[in-house]
Amino acid sequence: MSETPTAEGFADYKRLEQIVNPQSEIVHFPADEPLPLDCGVSLAPLSIAYQTYGTLNEDKSNLVLICHALTGDQHVANLHPVTGKPGWWETMVGPDKPIDTNRYFVLCPNVIGGCMGSTGPSSINPATGRPYGPDFPVITVRDMVRAQARLLDHLGLPVVLSVLGGSMGGMQVLEWAATYKDRVFSAVPIACSARHSSQNIAFHEVGRQAVMADPDWCEGRYLEQGKSPRKGLAVARMAAHITYMSEDALHNKFGRNLQDRDKVTFGFDADFQVESYLRHQGLSFVDRFDANSYLYITRAMDYFDLAADHGGVLANAFQGTRTRFCLVSFTSDWLFPTEESREIVHALNAVAANVSFVELKTDNGHDSFLLHEPELFDTIRGFLSAAALKRGIAGTEGWLP
């Protein structure tokens, strides 16, 4: 494990320290335990940050693994140490909630390449004593999952009752089910696909170009120069956030309502509420996320193609699986539309997997999995209860709704 550098030469070091050292459990793997990556190199030393909720039962059979989305992190159901806001899935995880921490032991790791304690481009490169920046190796979703499996091995957790996640988290769920079939009893991929579409790659490229066009990006070495590409990252977040909502959601929330004024200004201030909202989203995002991490993680999503990794046939990824699946999509999600979930269902059907599928009607778009959606809550609660009962976890007889 490398030592923390001094603040000398880092005008933005205090912010870096806050991001890299959050209030989480962190496992450090030394240099002699490298993690092989798909790009052909190994990453070492390696740190993985994670949060847990609930209590692990005696036979370690009640573990629920949660995989976070692109701009998420390990802080699922606790106050975020940087923003002070509730966890990103506090509607879903907690006592008496669909993922009930009175019943399940919930674990969520921060992905490698991230910026909340797991090794990423803002971490210190032991070869130089300075942040990796653009020298960090390009990672994939499979690399993220490989690191998570390393973490569970270290914690002595051989089998997962269920692995759940939405968007990029759903991609990780699919990778878990394909790569570690014997370790996953059940899986819930939500609002995701088996490969990133050309449209989604295009949106990501716009965001990356916005970051890299910011003069304060400094070819990726902004931390060494005490700078931060805040404007570029904010624009990237604004563009991405539009894709997370549906047209109906934007219209219902904002319409063409003006922001704190009676008439337009005939200028380029935020005349409309939707403009003000997006600017707020962008500015608040840069306080908790590293710009280089945004580049690396969006690239990992772009490279995700589960069929290509299995001879071009998606069903091959699940051949021989005994995992129980529940796939969820949303009618208004145009970022990961329902037909992409159906493609996964067809592949699972082709190998006679145990799979259920639900398309939920909502106007909330892709972000529906993060919002108050009672039908989603009922689906997750029922599926997890049935999985626990099927696995024979003690005391689960009365868990089914």
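Refer to the structure above for everything that follows.
Predicted model, so just to flag it, every value in this text is computed and none were measured. (Residues numbered from 1 in each chain as written. Predicted model: local features only at pLDDT ≥ 70, side-chain atom pairs only at ≥ 80, totals over all residues. Heavy atoms only, no water.)

> Would you explain the overall build of the chain in this entry?
Assigned secondary structure in the chain consists of 10 helices and 14 strands. For 401 residues, the compact-globule estimate of 2.2 N^0.38 gives 21 Å, and the C-alpha radius of gyration of the chain, at 21 Å, lies within 12% of that figure. For the chain, the spread of C-alpha atoms along the principal axes amounts to about 60 × 60 × 40 Å. Within the chain, the proportion of its 401 residues that are buried is 56%. (Helix = DSSP H or I, 4+ residues; strand = E, 2+ residues; numbered from the N terminus. Rg over C-alpha atoms; globule rule 2.2 N^0.38 Å. Buried < 20%, exposed > 50% of the residue type's maximum accessible area, 1.4 Å probe, protein only.)

> Quick question: what am I supposed to make of the sheet that holds strand β4 (residues 46-53) here?
Pairing within the open sheet is mixed, and its 8 strands lie in the order β1-β4-β8-β5-β11-β12-β13-β14. Two strands lie at the open edges of the sheet, namely β1 (25-29) and β14 (354-360), each paired on one side alone. On average, adjacent strands in this sheet sit at an angle of 20° to one another, irrespective of strand direction. Sheet topology note: the strand β11 (residues 162-166)/strand β12 (residues 186-190) ladder contains 4 bridges and is parallel. Paired with Leu164 across the two strands is Val188, which belongs to β12. Seen against the sheet, helix α3 (residues 168-179) touches β5 (63-67), β11, β12 and β13 (324-330) and runs at an angle of roughly 150° to β11. (Pairing = 2+ DSSP bridges. Axes fitted to C-alpha atoms, helices over the stretch in contact; angles between N-to-C directions. Contact = heavy atoms within 4.5 Å.)

> Quick question: what am I supposed to make of the side chain of Asn292 here?
Within the fold, Asn292 resides in helix α8 (residues 291-303). On the basis of relative accessibility, which here comes to 3%, the residue Asn292 falls in the buried class. A polar side-chain atom of Asn292 sits 3.0 Å from a polar atom in the side chain of Trp217. In contact with Asn292, not counting residues within four places along its chain, are Pro121, Gly133, Pro134, Trp217, Gly220 and Tyr222. (Polar contact = N/O pair within 3.5 Å; in protein donor to acceptor, adjacent residues only side chain to side chain.)

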